[in-house]
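The primary structure of each chain is shown beneath.
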Amino acid sequence: ANETTDPMPLEELCILENVEVYRNQTEVKMSQIVLPCHANHCGQLSAGQLLKWMDSTACLSAERHAGCSCITASVDDIHFETTIGVGQVVNITAKVNRAFTSSMEVGILVSCEDLFSDRQWKVCHAFATFVARRTEAGKVQLKQVIPRTQEEQMEHSLAAERRRMRLIHAEIITDLLSSCSAQTVSEGLDYRDAVPAERTRVESVELVLPPHANHQVSTFGGQIMAWMENVATISASRLCNAHTTLRTIDMFHFRGPSHIGDRLVLKAIVNNAFKESMEVGVCAEAYQGGEPLRHINTAFMTFEVLDNDRKPRTLPRIRPEPVDGKRRFQEAIARKKIRLDRKYIISCKQSEVPLSVPWDPSNQMYLSYNNVSALKMLAARTNWVLTSEKNKVSLYTLEENQMLCFKVETHVAVAAEQVFLLLSDLGRRKEWDHHYQECEMITEAHEDDTIYRVVTPSVTKGGKVQDFILLASRRRPCDSGDPYLIALRSVTLPACPPYEDYNRGEVLCAGFSIWEVDRSYTKISYYNQATPGVLPYISTDIAGLSSSFYCTFSSCSTFLEENKGSLALLPTSVL
């Protein structure tokens, strides 16, 4: 493992990095060659061993930033794209994306290197949350991470959104699973030739020894994950009598610590088998002496069985146990849908996500995340080109990946929070934006997420007017240096199909970034990725043939200044 404790001399860094002198102070790199002792029976790196290396690297990065001992609090979803063979090199890079009060998000990138062909490829990308341990002086107050590059600025901004998703993840999953578990597994299913779930049950105990613990005598989070992966692999292999490959680990939290001398009881069982994948539930509990079991962690892992061509094989069906087994069987179906929604909406590159994604309660959280993240990534771009400017209203453009984006920027003598509250209500946008002929609220999905139907003028003379179904996601600043955000994107709703007399337009990414300059002065930036439904409204401005953008945002400034006093008259519940 390569973990450097002292800053590298500038001259040496220039030689090694081809004059690229900047390096993130929290960045830690580890390189390991995969030996037979690290591999499973197939000659591939054990996923448990990889998890240990990932946890160690991320912990060193967190401790470099915190200046004190840190413990693993949670790990987001991990999707393993490829396996790693004996003789290949694992390269792991970890760095702190953002620090909060006493916790921080660490980004982990794992790649594989073939020394003989000089090829490198990505294995997985993960995010872990670490908490700084209390010192004798009391609770640690972490220093803020200052992003230096465009990539760091983007990850710093997105980290706040990922943290928000983590905090509400358990609540939303619980609600979805509760509604799902109310349904019963069909008694008419044919279980002939199905494998009894009981056959896949595994229970194993591990004694925590000094080599399993970190320098704080607490069991390594990565070691616990490795033990859990081991029993899960045994359980999965019992279902199909074949070697299995771990594909995903769902987001999980460590519920409590484990220490040297603990006995860790690890239990696993296959919850459900789908056509080409299976879900295994794993639980870790700890005890010492005669004390009761302490719940340490619960995780859900997805496995596949690959054939000789590395393609997933069809799996045998499983017969769930009565009562709890049927509940787990049904909940696994719900988690599979949630998993697909996460992968489809969150993991895809922004260019791969379709313009309009179907909205329903099960993917509400992920659509909201995608909506705000897309706006943050657009705002983090640094290569905007000033196209025109009039009376302190500026129009910028950016052409990237065959897509044209534009940004309109202005300042108003109104407090940032008042600007945020006024612009958040899309129902009032027609008071200053002539493109908004009508705007009706369809549903309030969440206190921060509302779905609207917006009607805009026809883009051609005598043509049909356009309408949009928009998800508006609002975010207040996470820290004092963050902006207020109002993100907009198209969604589809079964209750609002396209109407015959309207052209249904679509918005991929749009919204406002609202920055506080001082207590009564605010910078407003409006962003839009110009889809075919939006481009006609702005094309003459971009071409320099008109300045309607100036008129629109001058009206916006007037609207904000005239209505800033009205907010003081509203009840607190409305604000």
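Where an unreviewed UniProt entry is consulted, the protein chain appears under the name Acyl-coenzyme A thioesterase 11, with the organism given as Triplophysa rosa. Checking UniProt for the protein chain, the heading Function (unreviewed entry) contains the comment "Has an acyl-CoA thioesterase activity with a preference for the long chain fatty acyl-CoA thioesters hexadecanoyl-CoA/palmitoyl-CoA and tetradecanoyl-CoA/myristoyl-CoA which are the main substrates in the mitochondrial beta-oxidation pathway." Under the UniProt heading Pathway (unreviewed entry), the note attached to the protein chain is "Lipid metabolism; fatty acid metabolism."

(A) The arrangement of the overall build of the protein chain in detail. In terms of helices and strands, the protein chain carries nine helices and 25 strands. Counting across all 575 residues of the protein chain, residues that qualify as buried make up 53%. Here the contacts in the protein chain between residues at least 6 apart in sequence split such that 68% fall between residues at least 24 apart. Within the structure as shown, the protein chain displays about 27,300 Å² of accessible surface, and the carbon and sulfur contribution to it stands at 52%.

(B) Seen up close, the packing of helix α7 (residues 416-424) against helix α9 (residues 548-563). Following both chains from N to C, one finds α7 and α9 inclined at 110°, their axes separated by 10 Å at the closest point. Between α7 and α9, the interaxial angle falls into the category roughly perpendicular. Between α7 and α9 the crossing geometry is right-handed. Contacts from Val419, Leu422 and Leu423 in α7 reach Cys556, Phe559, Leu560 and Asn563 in α9.

(C) Representation of a nonpolar patch on the surface within the structure. A contiguous nonpolar surface patch, about 440 Å² in accessible area, is contributed by Ile33, Leu35, Leu115 and Phe116. Within the secondary structure layout, Leu115 lies in the loop between β5 (103-114) and β6 (119-132).

(D) Summary view of the packing of aromatic side chains. If you walk through the whole model with that rule in mind, you get nine aromatic pairs. Look at Phe406 and Tyr526: their rings are 6.3 Å apart centre to centre, the planes differ by 50°, and that puts the pair in the tilted class. One end of the pair, Phe406, is in strand β18 (residues 403-412); the other, Tyr526, is in strand β25 (residues 521-529), and 120 residues separate them in sequence. Using a relative accessible area of 4% as the deciding quantity, one classes Phe406 as buried. Residue Tyr526 is classed as buried on the basis of its relative accessible area, which comes to 8%. With a centroid separation of 6.0 Å and 45° between ring planes, the pair formed by Tyr526 and Phe553 is classed as tilted. Linking Tyr526 in strand β25 with Phe553 in helix α9, this pair joins segments that are 27 residues apart in sequence. Take Tyr526 and Phe553: they sit in the same class, and that class is buried. Through pairs of rings, three or more aromatic residues link up here, namely Phe406, Trp432, Phe512, Tyr526 and Phe553. Directly above the aromatic system of Phe127 lies the positively charged group of Arg162, at a separation of 3.8 Å from the ring centroid. The ring of Phe100 has Arg163 sitting right over it, with the charged end atom 4.5 Å from the ring centre.

(E) Quick look at the sheet that holds strand β10 (residues 252-253). Ordered by their spatial adjacency, six strands build an open sheet running β1-β4-β5-β6-β2-β10, and the pairing between neighbours is antiparallel. A single partner strand is all that each edge strand has here, and the edge strands are β1 (28-33) and β10. Inspection of the sheet shows strand β4 (residues 89-99) paired to β5 by 10 bridges, in the antiparallel sense. Across the sheet, residue Lys95 finds its bridge partner in β5, namely Gly107. The sheet contacts of helix α2 (residues 47-66) involve β1, β2 (70-75), β4, β5 and β6, and relative to β4 the element is tilted by about 40°.

(F) Expanded view of the pattern of salt bridges. Scanning the model with the defined rule gives 30 salt bridges in all. Where Lys29 meets Glu27, a salt bridge forms, and the shortest distance between an N and an O atom there is 3.9 Å. Its relative accessible area of 36% is what places Lys29 among the partly exposed residues. What makes Glu27 buried here is its relative accessible area of 13%. Between Arg166 and Asp76 there is a salt bridge whose closest N-O contact spans 2.8 Å. Remark: Asp76 occurs in the loop between β2 and β3 (78-79) and Arg166 occurs in helix α3 (residues 150-181); sequence separation between them is 90 residues. Taken as a pair, Arg166 and Asp76 share a single burial class, namely buried. Each of Asp76, Glu105, Glu155, Arg162 and Arg166 takes part in salt bridges that share partners, so that together they form one network.

(G) Molecular detail of the nonpolar core. Ranked by internal contacts, the top residues of the largest apolar core, which has 75 residues, are Met104 and Met278. Once you skip the residues sitting within four places of it in the chain, Met278 turns out to touch Ala236, Leu239, Cys240, Thr244, Val270, Asn272, Ala273, Met301, Thr302, Phe303, Val305 and Leu315. Among the nonpolar cores identified, the runner-up in size contains 36 residues, and Phe406, Val419, Ala510 and Tyr550 belong to it.

Procedures and definitions
Residues numbered from 1 in each chain as written. Predicted model: local features only at pLDDT ≥ 70, side-chain atom pairs only at ≥ 80, totals over all residues. Heavy atoms only, no water. UniProt positions renumbered as here; feature names shortened; annotations may be inferred. Helix = DSSP H or I, 4+ residues; strand = E, 2+ residues; numbered from the N terminus. Buried < 20%, exposed > 50% of the residue type's maximum accessible area, 1.4 Å probe, protein only. Contact = heavy atoms within 4.5 Å. Areas by Shrake-Rupley, 256 points an atom, 1.4 Å probe, with all protein chains shown as cover. Axes fitted to C-alpha atoms, helices over the stretch in contact; angles between N-to-C directions. Parallel < 35°, antiparallel > 145°, perpendicular 65-115°, else oblique. Left-handed = near helix turned anticlockwise from the far one by under 90°. Patch = residues over 30% accessible without salt bridge, like charges linked within 9 Å, V, L, I, M, F, W, Y side chains within 5 Å. Salt bridge = Lys/Arg side-chain N within 4 Å of Asp/Glu carboxyl O. Phe/Tyr/Trp six-rings, centres within 6.5 Å; stacked < 30°, edge-to-face > 60°. Lys NZ or Arg CZ within 6 Å of the ring centre and 35° of its normal. Pairing = 2+ DSSP bridges. Core = buried A, V, L, I, M, F, W, Y, C linked by side-chain atoms within 4.5 Å.

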